[in-house]
Amino acid sequence: MLTIPVLLENDSYDVAVGDGVRHHLGQVLRELRGGAPKQVAIITEQAMIDAGWVHDLVIDAATVICTIEGGEASKSLSTIERLCTELVEAGLSRNDVIVGVGGGIVTDVAGFCAATYHRGIRYVSVATSLLAMVDAAVGGKTGVNLSVGKNLVGAFWQPSAVLCDTETLHTLPPREWACGRGEIAKYALLRGEGGEDLLDLDLHEQVGACVADKAMVVSSDERESGRRALLNYGHTLAHALETIDLEGGASLDLRHGEAVAIGLVFAAELAFDLGRISEDRVRAHRRIVGGLDLQGEIPRGLSAAHLVDLMGRDKKANHDLTFILDGPAGIEVVHGVDGAVVRSSLERVGCLP
Ligand code: GLY
């Protein structure tokens, strides 16, 4: 088992990575700051229960299980309202604990429930997808989507512990592996020269290395007033692509990490068009994304103008177009990017004008 600390000003916590670490949940709950809870609410998906990842959890407290549907559509305020109602009906108190067991959608939703239920209760995350392990379950970003955009309502709410049980990856569907690999590509690129070495590690080491990279950034900027924004590399276009599905007009059927992979390649092309990086570095982006068996092309038929409009709503933007871009000083936040250049970079990677 690997243990990676997330060091924070208040309430640091550990992320455990390894086969079967979900069985540590009982001990984690007993040893929580504030004492062992009398009641625990597990928020999960039916698929996790069917796979057997929930019922063998041993918890010394009354336990209620609440389920959500799989898919981004269930990351909504109406899901939060339903879950919180179920928690009240089950009698969950302010001293109790919510445990999210699942992938990134579950951990985002369960974390946001914990952040808002009774104005905030303790939360433990049991991550069962590659995406949740390397990114979503770690660092305290929780939230839900609106039909006009991804993750637009949420809260910073740190878990008290994260258990990344790599045994659960045995039942992970291929598209969900691809989804996790999109975020791994991001970490490889954030490492700069030599970052591709991350891809040579075995699975446990790779997950541990991504968590350690994320923990370092989160420790230095818990609430994203600066450096943490770099963890959104590739996400400006990714969130715009995902919003097209949320709007309901078209179905691109992209998983988050698949959209991030496209966003990473686009970010490299845009950085090149702005004269910030060489063709070699663009090739490195394409090599890393392709090497992880991910597509770097924008789905056909999308309009550059519509994507630019959606990217203007990004949380990093300040009434402008803001991207995380590679450049001579490494990867950094770049504000005020010219929309005409963005449109022409989008057209070069497959968009309609
Ligand atoms: N996924 C980006 C972050 O946690 O900051």
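Reference entry: report on the structure contained in this document. What you see is a predicted model; the values in this text were computed from it and never measured.

On to the sheet that holds strand S6 (residues 122-127). Sheet architecture is open: 7 strands sit in the order S1-S2-S9-S6-S5-S3-S4, paired in mixed fashion. Pairing within the sheet leaves two strands with one partner each, and these edge strands are strand S1 (2-6) and strand S4 (62-68). The mean angle between the axes of side-by-side strands here comes to 20°, regardless of whether they run parallel or antiparallel. Both strand S2 (residues 13-18) and strand S9 (residues 161-165) contribute to a ladder of 4 bridges, which runs parallel. Paired with Ala-16 across the strands is Leu-163, a residue of S9.

For the rest of this paragraph, the subject is the pattern of salt bridges. Tallied over the entire structure, the rule returns 28 salt bridges. Asp-56 serves as the salt-bridge partner of Arg-22, at 2.7 Å between the closest nitrogen and oxygen. Of this pair, Arg-22 sits in the loop between S2 and helix H1 (25-30) while Asp-56 sits in the loop between helix H2 (46-50) and S4, and the two are 34 residues apart along the sequence. Here Asp-273 makes a salt bridge to Arg-348, at a shortest N to O gap of 2.7 Å. Placement of Asp-273 in helix H9 (residues 256-273) and of Arg-348 in helix H12 (residues 339-348) is noted, with a sequence separation of 75 residues between them. Under the relative-accessibility criterion, Arg-348 is labelled partly exposed at 45%. Through salt bridges with shared partners, a single network forms among Arg-175, Glu-176, Asp-253, Arg-255 and Glu-258.

Over its 13 residues, helix H4 (residues 104-116) runs 18 Å from end to end, which matches the ideal 18 Å to within 8%, given 1.5 Å per residue. Most of H4 sits inside the fold, with 12 of its 13 residues counted as buried. Taken together, the buried positions of H4 are Gly-104, Ile-105, Val-106, Thr-107, Asp-108, Val-109, Ala-110, Gly-111, Phe-112, Cys-113, Ala-114 and Ala-115.

To continue, consider the environment of Ala-110. Along the chain, the position of Ala-110 falls in helix H4. Separated by 185 residues in the primary sequence, Ala-110 and Gln-295 place their C-alpha atoms 30 Å from one another. Among all residues touching Ala-110, those that are not within four sequence positions of it are Ile-43, Ile-98, Gly-100 and Tyr-123.

Turning next to the packing of aromatic side chains. Tallied over the full model, the rule gives 1 aromatic pair. The ring of Tyr-187 has Lys-186 sitting right over it, with the charged end atom 4.7 Å from the ring centre.

What follows concerns the nonpolar core. By size, the foremost hydrophobic cluster in this structure holds 75 residues, and its most contacted members are Leu-307, Val-342 and Leu-346. Take this core: its biggest share by element is 11 residues, from H9. Leaving out residues up to four positions away in the same chain, Val-342 has contacts with Phe-266, Leu-270, Val-308, Met-311, Leu-321, Phe-323 and Val-337.

Bringing the site of the ligand into the picture now. Neighbouring the ligand are Asp-135, Lys-141, Lys-214, Arg-228, Leu-231 and Asn-232. Here a nitrogen atom of the ligand and a side-chain polar atom of Asp-135 are 2.9 Å apart. In this structure, an oxygen atom belonging to the ligand sits 2.6 Å away from a side-chain N or O atom of Lys-214. Among the residues forming the shell around the ligand, the class breakdown is 1 nonpolar, 1 polar and 4 charged.

Criteria and thresholds
Residues numbered from 1 in each chain as written. Predicted model: local features only at pLDDT ≥ 70, side-chain atom pairs only at ≥ 80, totals over all residues. Heavy atoms only, no water. Pairing = 2+ DSSP bridges. Helix = DSSP H or I, 4+ residues; strand = E, 2+ residues; numbered from the N terminus. Axes fitted to C-alpha atoms, helices over the stretch in contact; angles between N-to-C directions. Salt bridge = Lys/Arg side-chain N within 4 Å of Asp/Glu carboxyl O. Buried < 20%, exposed > 50% of the residue type's maximum accessible area, 1.4 Å probe, protein only. Expected span 1.5 Å × (residues − 1). Contact = heavy atoms within 4.5 Å. Phe/Tyr/Trp six-rings, centres within 6.5 Å; stacked < 30°, edge-to-face > 60°. Lys NZ or Arg CZ within 6 Å of the ring centre and 35° of its normal. Core = buried A, V, L, I, M, F, W, Y, C linked by side-chain atoms within 4.5 Å. Near = heavy atom within 4 Å. Polar contact = N/O pair within 3.5 Å; in protein donor to acceptor, adjacent residues only side chain to side chain. Nonpolar A, V, L, I, M, F, W, Y, C, P; charged D, E, K, R; others polar.

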